[in-house]
Amino acid sequence: MTTRRHILQSSSTGFGWLAFQALNQRWAHAAAPPKTINPLAPKPPHFAPRAKRVIFMYMQGGPSHLDTFDWKPELAKAEAQKVQKYMGSVFEFKPRGQSGLMISEAFPELAKHADSLCLLNGMKTATNAHQMATVALHIGSESFVRPSMGAWIVYGLGSEGEDLPGFVTINPIADNGGAMNYGSAFLPASFQGTRLNTGGGGVAHLSNGRLSDAEQKRQIEFIQKANRRLLGQDPGNPEIEGVIQSYELAYKMQTSVPMTLDLDQEPGHIRELYGLNDGDTERFGTQCLMARRLAEKGVRFIQLTSPGWDHHNGLRENLGRQCHSIDKPIAGLIADLKQRNMLDDTLIVWGGEFGRGSGYDNEAYNGRGHNGGGYTMWMAGGGVKGGHVHGSTNEMGDTAATGVMGTHDLHATILHLLGINHERLTYRYAGRNFRLTDVAGEVAKDILA
Amino acid sequence: MNSPFMEDVAGEIASKILEEKKNSGESVNELYRYLLGRGPSAEEQAEALALLGGTEVGGDPARWTTLVQALLGTAEFRYVF
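Residues numbered from 1 in each chain as written. Chains lettered and ligands numbered in written order. Predicted model: local features only at pLDDT ≥ 70, side-chain atom pairs only at ≥ 80, totals over all residues. Heavy atoms only, no water.

So, the overall build of chain B
Step number 1: Of regular secondary structure, chain B possesses five helices and zero strands.
Step number 2: Listed N to C, the secondary structure of chain B is α-α-α-α-α in terms of helices and strands.
Step number 3: Overall, chain B is about 30 × 25 × 20 Å in size when its C-alpha atoms are taken along their principal axes.
Step number 4: Across the 81 residues in chain B, those meeting the buried criterion constitute 47%.
Step number 5: For chain B, restricting intrachain contacts to residue pairs at least 6 apart in sequence, the fraction spanning at least 24 positions comes to 58%.
Step number 6: As displayed, chain B offers around 4,000 Å² of accessible surface, 55% of which is attributable to carbon and sulfur atoms.
Step number 7: Here chain B contributes 7 positive and 13 negative side-chain charges, whose respective centroids are spaced 3 Å apart. (Helix = DSSP H or I, 4+ residues; strand = E, 2+ residues; numbered from the N terminus. Buried < 20%, exposed > 50% of the residue type's maximum accessible area, 1.4 Å probe, protein only. Contact = heavy atoms within 4.5 Å. Areas by Shrake-Rupley, 256 points an atom, 1.4 Å probe, with all protein chains shown as cover. Lys, Arg positive; Asp, Glu negative; His and termini not counted. Charge placed at Lys NZ, Arg CZ, Asp CG, Glu CD.)

What about the pattern of salt bridges?
Step number 1: Applying the stated criterion to the full structure yields 21 salt bridges over all chains.
Step number 2: For Asp-345 of chain A, the salt bridge goes to Arg-53 of chain A, with nearest N and O atoms at 3.0 Å. Within this pair, whereas Asp-345 of chain A is found in the loop between helix 10 (315-339) and strand 8 (346-351), its partner Arg-53 of chain A is found in strand 1 (residues 53-59), the two being separated by 292 residues in sequence.
Step number 3: By relative accessible area, which is 18% here, Asp-345 of chain A ends up buried.
Step number 4: The shortest N-O distance in the salt bridge between Glu-43 of chain B and Arg-229 of chain A comes to 3.3 Å. Of this pair, Glu-43 of chain B sits in helix 3 (residues 42-52) while Arg-229 of chain A sits in helix 6 (residues 213-233), on two different chains. (Salt bridge = Lys/Arg side-chain N within 4 Å of Asp/Glu carboxyl O.)

Focus: the pairing of strand 3 (residues 101-104) of chain A
Residues and elements named next belong to chain A.
Step number 1: A two-sided burial pattern is seen for strand 3, the buried positions comprising Leu-101 and Ile-103 on one face and Met-102 and Ser-104 on the other.
Step number 2: Bridging between strand 2 (residues 93-96) and strand 3 involves four bridges; their strand directions are antiparallel. When the bridges of strand 3 are listed, Phe-93 appears paired with Ser-104. (Pairing = 2+ DSSP bridges.)

A look at the side chain of His-138 of chain A
Step number 1: Its place among the elements puts His-138 of chain A in helix 4 (residues 130-139).
Step number 2: Sequence-distant contacts of His-138 of chain A, that is, excluding residues within four places in its chain, are made with Phe-56, Tyr-58, Ser-148, Met-149, Asn-181 and Gln-303 of chain A.

A short note on the environment of Met-290 of chain A
Residue and element names in this part refer to chain A.
Step number 1: One can find Met-290 in helix 9 (residues 282-296).
Step number 2: Given a relative accessible area of 2%, Met-290 falls into the buried group.
Step number 3: If near-sequence neighbours (up to four positions away) are discounted, Met-290 is found in contact with Ile-170, Leu-196, Asn-197, Thr-198, Leu-261 and Leu-263.

Things to note about the nonpolar core
Step number 1: Grouped together as the largest cluster of nonpolar side chains are 99 residues, with contacts concentrated most on Met-57, Phe-107, Trp-378, Met-379 and Ile-414 of chain A.
Step number 2: In terms of residue count, the dominant contributor to this core is helix 10 of chain A (eight residues).
Step number 3: Not counting chain neighbours up to four residues away, the residues in contact with Ile-414 of chain A comprise Val-54, Met-149, Ile-153, Leu-347, Val-349 and Met-379 of chain A.
Step number 4: Residues Tyr-251 of chain A together with Ile-17, Leu-35 and Trp-64 of chain B belong to the second largest nonpolar core, which totals 32 residues. (Core = buried A, V, L, I, M, F, W, Y, C linked by side-chain atoms within 4.5 Å.)

Quick look at the packing of aromatic side chains
Two aromatic rings, taken as a pair, are described by how far apart their centres are and by the angle between their planes.
All names here are of chain A.
Step number 1: The tally for this structure, following the rule as stated, stands at 15 aromatic pairs over all chains.
Step number 2: Between Phe-69 and Trp-350, the ring centres sit 5.2 Å apart and the planes meet at 70°, which makes this aromatic pair edge-to-face. On the criterion of sequence distance, the pair formed by Phe-69 in the loop between strand 1 and helix 3 (73-80) and Trp-350 in strand 8 is long-range, its members being 281 residues apart.
Step number 3: Between Phe-167 and Phe-301, the ring centres sit 5.1 Å apart and the planes meet at 85°, which makes this aromatic pair edge-to-face. A residue pair is termed long-range when its members are at least 10 positions apart, and Phe-167 in strand 5 (residues 167-170) and Phe-301 in strand 7 (residues 301-306) qualify at 134 residues.
Step number 4: Relative accessible area serves as the criterion here: at 1%, Phe-167 is assigned to the buried category.
Step number 5: An aromatic cluster is built from Trp-152, Tyr-155, Phe-186, Phe-191, Tyr-427, Tyr-429 and Phe-434, whose rings are joined through pairwise contacts. (Phe/Tyr/Trp six-rings, centres within 6.5 Å; stacked < 30°, edge-to-face > 60°.)

Re the environment of Glu-241 of chain A
All names here are of chain A.
Step number 1: Note on placement: Glu-241 falls in helix 7 (residues 238-261).
Step number 2: The partly exposed category is assigned to Glu-241, whose relative accessible area is 22%.
Step number 3: Through-space distance from the C-alpha of Glu-241 to that of Ser-190 is 8.6 Å; in sequence the pair is 51 residues apart.

Some remarks on the interface of chain A and chain B
Step number 1: Counting residues at the interface gives 21 residues for chain A and 27 residues for chain B.
Step number 2: For the pair chain A and chain B, the summed buried area comes to about 2,000 Å², and 56% of that belongs to carbon and sulfur atoms.
Step number 3: The largest share of the area that chain A buries against chain B comes from Arg-210, Phe-222 and Arg-229 of chain A, three residues that together contribute 33% of it.
Step number 4: Our enumeration of links across chain A and chain B arrives at 15 residue pairs in polar contact (both at pLDDT 80 or more).
Step number 5: Sorting the residues of the side of chain A that touches chain B by element identifies helix 6 and helix 7 of chain A as the ones contributing at least two each.
Step number 6: Of all the elements, helix 6 of chain A adds the most residues to the side of chain A that touches chain B, at ten residues.
Step number 7: In terms of residue class, the side of chain A that touches chain B is made up of nine nonpolar, eight polar and four charged. (Buried area = accessible area lost by both parts, 1.4 Å probe. Polar contact = N/O pair within 3.5 Å; in protein donor to acceptor, adjacent residues only side chain to side chain. Nonpolar A, V, L, I, M, F, W, Y, C, P; charged D, E, K, R; others polar.)

All we've got here are geometric facts, nothing functional implied.
Laid out in structure tokens, this is it:
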């Protein structure tokens, strides 16, 4: 039987063709015709959003909350009396800003923005294993392949950037789930994250040195005709649709990515603000500055990754160095978003897959093991209270006690800030509706500004 | 698509096809059989010749490379459906 869907997709005026024709006309004329079907077109949220976009800073390995954002004086006393293996913070905590948030000396620059931070001290996750906890943080499930948080968000809201992907992940990890952490699973392929690198122009082999623009356009049109013909034989095949859409986007990215990622366009004082002139901070500073430029272009979900937070030993030196490497860059990003009036509608989320234990681990009084039962993440901007602490761990700091937020609660809260009811953002697959938050998730209403 | 590897491979396949010095229509048939395991339809044949910019025997190796690179980039070549 010939279905309406079949006709629309396989005839010479199918949806893909329409979109491509529209693009063609855009390339040909400065006065662009109105946009036609684009899977990444902006979609209205369920209710008024507080944030338009997310910058998620993923700290791979599980940063210690007990030496950074969760002040536990009882631990220091226990260490002094040599109770079991309890170990106090290796860094001194001080009240910061007008709010008096307790933040350790590991983050001197970030601490200056304490009044913009919302600490989530009652985080918990289901496992203490890197792989499972990492995947859960990114996709909401420890054990099954599911669409990632960024993919769900772009599926729900589309993107405001016309010539960039809606979901970008910079320097993602290759292990602990790897591409699953920014994949789209059963959601259409257009919603998966696009990997960018801080080096080499962002995307490998982005530029085409051999063909002129006109020649390349003819070549891409040839490929797209072949792909649409193949789609006509198998209407609705999501992989082929994804290939067609990715060619359209990739063609545009040849121009848009170098423009967006050319950090040399930034004035010296901005580069300095993000720590680009210092070898210690340059790596993460580059990610943060790229994030701001992508955010300005309307990219919906931007993930940054800082690897190396798994401090079973050498905690004092290694955690100190890690914190230093991101401290100025993050402070710079917050300050820069503030001065551009972008912090109000940009939600920054910081954290790892879990925290660290209250007792020492591989090295006496200088290392901590994994701790999923209680740890800290923080948010800033995007409709959350600043200078606010939500939740707490018990007095030894290893178990979330109040304001407890599990993985699904975190995701539900992020979606809520974006104007999405997490129970209504569903996708039908294999005979049932799926959600990022599965059958759980409570919005942390206390943190809403 | 733009990687030097793709260009090298496309160039090698193109020169292999051109070595046989057939007319362009026959060469296109052979190229489809070589890459996709089937001959081109009349429509595909016409599109390929258009991309080559003519039907003369032999032809511009750079254009043949462009055609081979394009076929290597099609969903049909990249995936087994």
